[in-house]
Amino acid sequence: MRERPVPKDQEIKLGEEEFIVSKTDTTGKITYANRVFMEISGYGERELLGVQHNIIRHPDMPRALFKLLWDTLKEKKEFFGFVKNLCKDGSYYWVFANITPDIDNEGRVVGYYSVRRQAPISAIRTVEPIYREMVRIEKGAGGVKQGIAKAQGYLQDLLQSKRTDYEKFALELYG
Amino acid sequence: MTDRSERYAYKPFLRTQINLLCSGTVLLPAGFAVWQGVAWGWHWQLILLPLAMAALAGYSHFALHRYLDAIGRIKHVLKKCRRGEFHHRVTRVHAMGEVGQIAWELNEFLDLCEAYFREMTTVFTRAGNGEFHRRALGHGLPGQMRNSLKYANLALETMKENHEQQLATRLSHSLHDLNTGNLVSNLKLCQKDMVQVTEILEDVVAIADANANAASESKAGVDEVRRSVRDIAAKVASAARIIEDLSANSQQVINSLSIITEIADQTSLLALNASIEAARAGEYGRGFAVVADEVKALSNRTKEAAVEISKILQSFGDSVDAISKEAGESVALAERMQPLVETFSTRFGEFEQASHRTIVQATNAQETSFSTLVKVDHIIYKQNAYLAVSDPEANVDEGKAIAVDNHSCRLGKWYYEGTGKERFSGLPSYRKLEKPHEGVHRSAHRALELAHQDWKANRHLIDDIVAMMEKMEKSSLEVMEILNQMNEESIARRERQEQESSQASS
Ligand SMILES: Cc1cc2nc3c(=O)[nH]c(=O)nc-3n(C[C@H](O)[C@H](O)[C@H](O)COP(=O)(O)O)c2cc1C
């Protein structure tokens, strides 16, 4: 396991027409990353292939959101979400991610495919405090599992009060 | 692979060429060195050039085969694309110059294709499941692809409208069918009630009619009685006058009798005197003749008095006759009144019974019509529920109207506080009403809650709403039946009590 970069407060912006693509196998190990991905994250192909996708996971991201991501994918559904990612040099970039399962002709999931687009600033402003609160809840809870459950409960309640779910919420923010 | 195009495929020409070139690069200097050695004698330096060339050939062979391998993979990916698989990519083409660039161009072209196809597939698959909020995202896609997604979104918009229209019609159709069926049977129940009320009222009218007839007959009787009574009064008055006369007459008799007594006294005294005189002067007998004259006069007066008495007694007898005649007439009058008075009493008895029955029937009618009112109210509640559920935004007032619980609606107030409790709480079916009534409210509230959700995006919600309304109707049917039962039980109970009290009185 390589050493994780130390996060720093420097944002890299994705261009409006730029488009990050990555593919993983069923366990989340990267099998393909496009050039925009490499350019922005700062990693070369050799550093990415065969490595878990959490290589770009940012500590500001709540774990509960990734649980939601994997739960959604396990149901063979697509996932939408705003994600803050960590570059090799410690800076960060926000994306609006869409992840879909790769399903072969027999209906088996053989991998996952992800397209990430520029996240609107207004959307980032909205989700940032929610994620911050979720991370706070996760850290405050007794264990990892309890933390995730509590943060998920918080998110659930928040969305329910707006009569929506995370996907609709995210799609609406994306506009 | 029986691909037709395969027949025209080039043989792997590059590979052969490279192999030939590399072999040539090794073999030519080696052959030249052998020829030199044979012709001019061996020298170790002769081996240097062939060795260097062999190394060069080896390296070229390795490097060129890497390119060839990459090209082979590019070809493989393109072949897959032709079969419609856009998820393959060419990786590990690091430092391969133009070949690497071609590989990346291919990869990124495929990224776009894959993104485009995935957008199309997911968007329409989800639309097929009624999820229209997922629109195709065209950001990052070039020209025609992006345009095509724009048109896809337009198509989705139309699909969504159609779908919503369809769902709306489906909801309103299902609700309408459910409602009409139930409304008709509900109204039939009310109609049955109204028929019953009408029949009862017909009875009441018949009783009132009979009462009126009996009353007019009774009035004739009363008139006769009044006339008879007036006659009796007149007769009694004349009897009183006769008796007055009678008493005046008897006074006269008494006066006359006292005169007679007086005369008798004087006569006896005179007779005494005469007998004394006759004894003293026998020869003076002529004095006796004077006395005798006096006695004669007295006896005349006595005779007159007697005549007078007999006359008076005569008129006395007449008076008594008159009285007894009057008395006889009075008795006859009284006798004639007797049967009249008797019919009166039976008539009044009948009146009393009839008015009792009128009260019972009128109470039955009142109860039944109130029960109908409660039913109609309940039906209105349900109609409001249908309106509110089929379009909660447009029918806010109806929504508010059905938000009340089973204690605060009219039926509830009637049942828990009002006449319903007062009159029916002793009946066996009274208790049975509470549960289904509560059920009606619960189901209506739940249906409205569901209707507030976005059923246009979820066809299962419509089924749930309709199912909830069906549940409401089922409970409501029970409510109606129990209301009927209560009404019937109450009427039966009243008839029974009526019978018992009439038995007790007879
Ligand atoms: C196709 C795909 C793309 C993903 N993209 C990201 C990403 O951009 N950023 C990220 O932090 N995690 C991403 N994940 C999730 C990671 O696999 C991982 O679950 C997450 O980083 C949390 O790490 P953890 O599981 O070690 O807690 C992706 C997963 C898949 C399958």
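Residues numbered from 1 in each chain as written. Chains lettered and ligands numbered in written order. Predicted model: local features only at pLDDT ≥ 70, side-chain atom pairs only at ≥ 80, totals over all residues. Heavy atoms only, no water.

The next subject is the overall build of chain B. A tally of regular secondary structure across chain B gives 10 helices and zero strands. When the elements of chain B are put in sequence order from the N terminus, they spell out α-α-α-α-α-α-α-α-α-α. In chain B, buried positions account for 34% of the 506 residues. Considering only intrachain contacts with a sequence separation of at least 6, the fraction spanning at least 24 residues in chain B is 76%. Summed over all atoms, the accessible surface of chain B reaches about 31400 Å², with 59% contributed by carbon and sulfur. (Helix = DSSP H or I, 4+ residues; strand = E, 2+ residues; numbered from the N terminus. Buried < 20%, exposed > 50% of the residue type's maximum accessible area, 1.4 Å probe, protein only. Contact = heavy atoms within 4.5 Å. Areas by Shrake-Rupley, 256 points an atom, 1.4 Å probe, with all protein chains shown as cover.)

What follows covers the pairing of strand S4 (residues 92–103) of chain A. Residues and elements named next belong to chain A. With 11 of its 12 residues buried, S4 lies for the most part within the structure. When strand S3 (residues 79–86) meets S4, the two strands line up antiparallel, connected through eight bridges. Bridged to Phe82 within S4 is Phe96. Hairpin connection of S3 to S4: five residues between the antiparallel strands, including Gly90 at a positive phi of 95°. In this structure, S4 lies alongside strand S5 (residues 109–118), joined through nine bridges in antiparallel fashion. Among the inter-strand pairings, Pro101 is bridged to a residue of S5, identified as Tyr112. In textbook terms, the turn of a hairpin is the stretch between consecutive antiparallel strands, and for S4 and S5 this stretch comprises five residues, one of which, Gly107, has a positive phi near 85°. (Pairing = 2+ DSSP bridges.)

If you walk across this open sheet you meet the five strands as S2-S1-S5-S4-S3 (chain A), and the pairing is antiparallel. Each edge of the open sheet is held by one strand with a lone partner, namely strand S2 (30–33) and S3 of chain A. This sheet shows a mean twist of 30° between the axes of neighbouring strands, independent of strand direction. In terms of strand pairing, strand S1 (residues 20–24) of chain A meets S2 of chain A through three bridges, oriented antiparallel. Within the sheet, the bridge partner assigned to Ser22 of chain A lies in S2 of chain A and is Ala33 of chain A. Sitting on the sheet, helix H3 (residues 97–128) of chain B is in contact with S1, S2, S4 and S5 of chain A, with an inclination near 95° to S5 of chain A. (Axes fitted to C-alpha atoms, helices over the stretch in contact; angles between N-to-C directions.)

It is worth spelling out the interface of chain A and chain B at this point. Reports often express the size of an interface as the amount of accessible area lost when the parts come together. Taken together, the 29 residues of chain A in the interface contact 27 residues of chain B. Together chain A and chain B conceal approximately 2500 Å² of surface at their shared face, both sides included; 51% is due to carbon and sulfur atoms. We note a salt bridge from Glu119 of chain B to Arg117 of chain A, for which the minimum N-O separation is 4.0 Å. In this structure, the connection of chain A to chain B is made through 20 residue pairs in polar contact (both at pLDDT 80 or more). Sorting the residues of the side of chain A that touches chain B by element identifies S1, S2, helix H1 (35–41), helix H2 (45–48), S4, S5 and helix H6 (166–174) of chain A as the ones contributing at least two each. Across the side of chain A that touches chain B, the residue classes break down as 13 nonpolar, four polar and 12 charged. (Buried area = accessible area lost by both parts, 1.4 Å probe. Salt bridge = Lys/Arg side-chain N within 4 Å of Asp/Glu carboxyl O. Polar contact = N/O pair within 3.5 Å; in protein donor to acceptor, adjacent residues only side chain to side chain. Nonpolar A, V, L, I, M, F, W, Y, C, P; charged D, E, K, R; others polar.)

A separate point is unusual backbone geometry. All names here are of chain A. Not every positive phi belongs to a glycine, and Lys76 is a case in point at roughly 65°. Looking at the element boundaries, Lys76 is found in the loop between helix H3 (63–74) and S3. For Arg163, which is not a glycine, the phi torsion comes out positive at approximately 50°. Relative to the assigned elements, Arg163 resides in the loop between helix H5 (144–161) and H6. Of the residues examined, Arg163 reaches a relative accessible area of 64% and is grouped as exposed.

Before going further, it helps to examine the site of the ligand. Residues and elements named next belong to chain A. Surrounding the ligand, one finds 14 residues, the nearest of these being His53, Asn54, Trp70, Asn85 and Arg116. Here a nitrogen atom of the ligand sits 3.4 Å away from a polar atom, N or O, in the side chain of His53. Contacts to the ligand include Arg63, whose side-chain N or O atom sits 3.5 Å from an oxygen atom. In isolation the ligand offers 610 Å² of accessible surface; the protein chains occlude 87% of this area. Among the elements of the structure, H3, S3 and S5 are those that each provide at least two residues to the shell around the ligand. (Near = heavy atom within 4 Å.)

Attention shifts here to the nonpolar core. Core analysis: the largest hydrophobic core is formed by 80 residues, its most contacted members being Ile20, Phe82, Tyr93, Trp94, Phe96, Tyr131 and Tyr166 of chain A. Looking at this core element by element, the count peaks at 11 residues for H3 of chain B. Val374, Tyr416, Leu427 and Ile462 of chain B belong to the second largest nonpolar core, which has 38 residues in total. (Core = buried A, V, L, I, M, F, W, Y, C linked by side-chain atoms within 4.5 Å.)

The subject of this paragraph is the packing of helix H2 (residues 48–82) of chain B against H3 of chain B. Relative placement of two packed helices is described by the angle separating their axes and the distance separating the axes. All names here are of chain B. Between H2 and H3, the least distance of the axes is 10 Å, while the angle of their chain directions is 20°. Put simply, H2 runs roughly parallel to H3. Pair H2 / H3 crosses with left-handed handedness. Taking contact as the criterion, the partners of Tyr67, Ala70, Ile71, Ile74, Val77, Leu78 and Cys81 in H2 are, on H3, Val99, Ile102, Ala103, Leu106 and Leu110. Among the residues making up the contact of H2 with H3, the classes are represented as 12 nonpolar, no polar and no charged. (Parallel < 35°, antiparallel > 145°, perpendicular 65-115°, else oblique. Left-handed = near helix turned anticlockwise from the far one by under 90°.)

Right, let's talk about the side chain of Arg118 of chain B for a bit. Along the chain, Arg118 of chain B turns up in helix H3. Apart from the residues within four sequence positions on either side, Arg118 of chain B is in contact with Thr100, Pro101, Asp102 and Tyr113 of chain A together with Val123 of chain B.

A few words on the confidence of the model for chain A. The share of residues in chain A with pLDDT of 70 or more is 99%, and the mean pLDDT across the chain is 92. Taken element by element, chain A is modelled with least confidence in H6 of chain A, mean pLDDT 91, and with most confidence in S3 of chain A, mean pLDDT 96. (pLDDT = per-residue confidence, 0-100.)

Here chain B averages 82 in pLDDT, and 96% of its residues register 70 or above. Least confident of the elements in chain B is helix H5 (residues 286–390) of chain B, whose mean pLDDT is 77; most confident is helix H9 (residues 434–452) of chain B, at 93.

Now for the pairing of S3 of chain A. Taken across its eight residues, S3 of chain A has eight buried, putting it largely inside the fold. Residues of S3 of chain A alternate between two faces, with Phe79, Gly81, Val83 and Asn85 of chain A on one and Phe80, Phe82, Lys84 and Leu86 of chain A on the opposite face, all of them buried.

Residues and elements named next belong to chain B. For the structure on display, the rule yields zero disulfides over all chains. Here Cys81 stays unpaired: no disulfide links it, and the sulfur of Cys113, its closest cysteine neighbor, is 7.1 Å away. Judged by relative accessible area, which is 13%, Cys81 ranks as buried. (Disulfide = S-S within 2.5 Å.)

Turning to a nonpolar patch on the surface, a few remarks are in order. Residue and element names in this part refer to chain B. A cluster of nonpolar side chains, contributed by Leu14, Leu64, Tyr67 and Ile71, occupies part of the molecular surface with about 310 Å² of accessible area. Take the nonpolar patch: its biggest share by element is three residues, from H2. When you line up the elements, Leu14 lands in helix H1 (residues 13–40). (Patch = residues over 30% accessible without salt bridge, like charges linked within 9 Å, V, L, I, M, F, W, Y side chains within 5 Å.)

Tallied over the entire structure, the rule returns 32 salt bridges over all chains. One salt bridge connects Glu473 of chain B with Lys382 of chain B, and the closest N-O pair in it is separated by 2.9 Å. With Glu473 of chain B in helix H10 (residues 459–505) and Lys382 of chain B in helix H5, this residue pair connects regions lying 91 residues apart in the sequence. Side by side, Glu473 of chain B and Lys382 of chain B carry an identical accessibility label, which is buried. Members of the salt-bridge network, linked through shared partners, are Glu78, Arg117 and Glu167 of chain A together with Glu119, Arg126, Glu131 and Arg134 of chain B.

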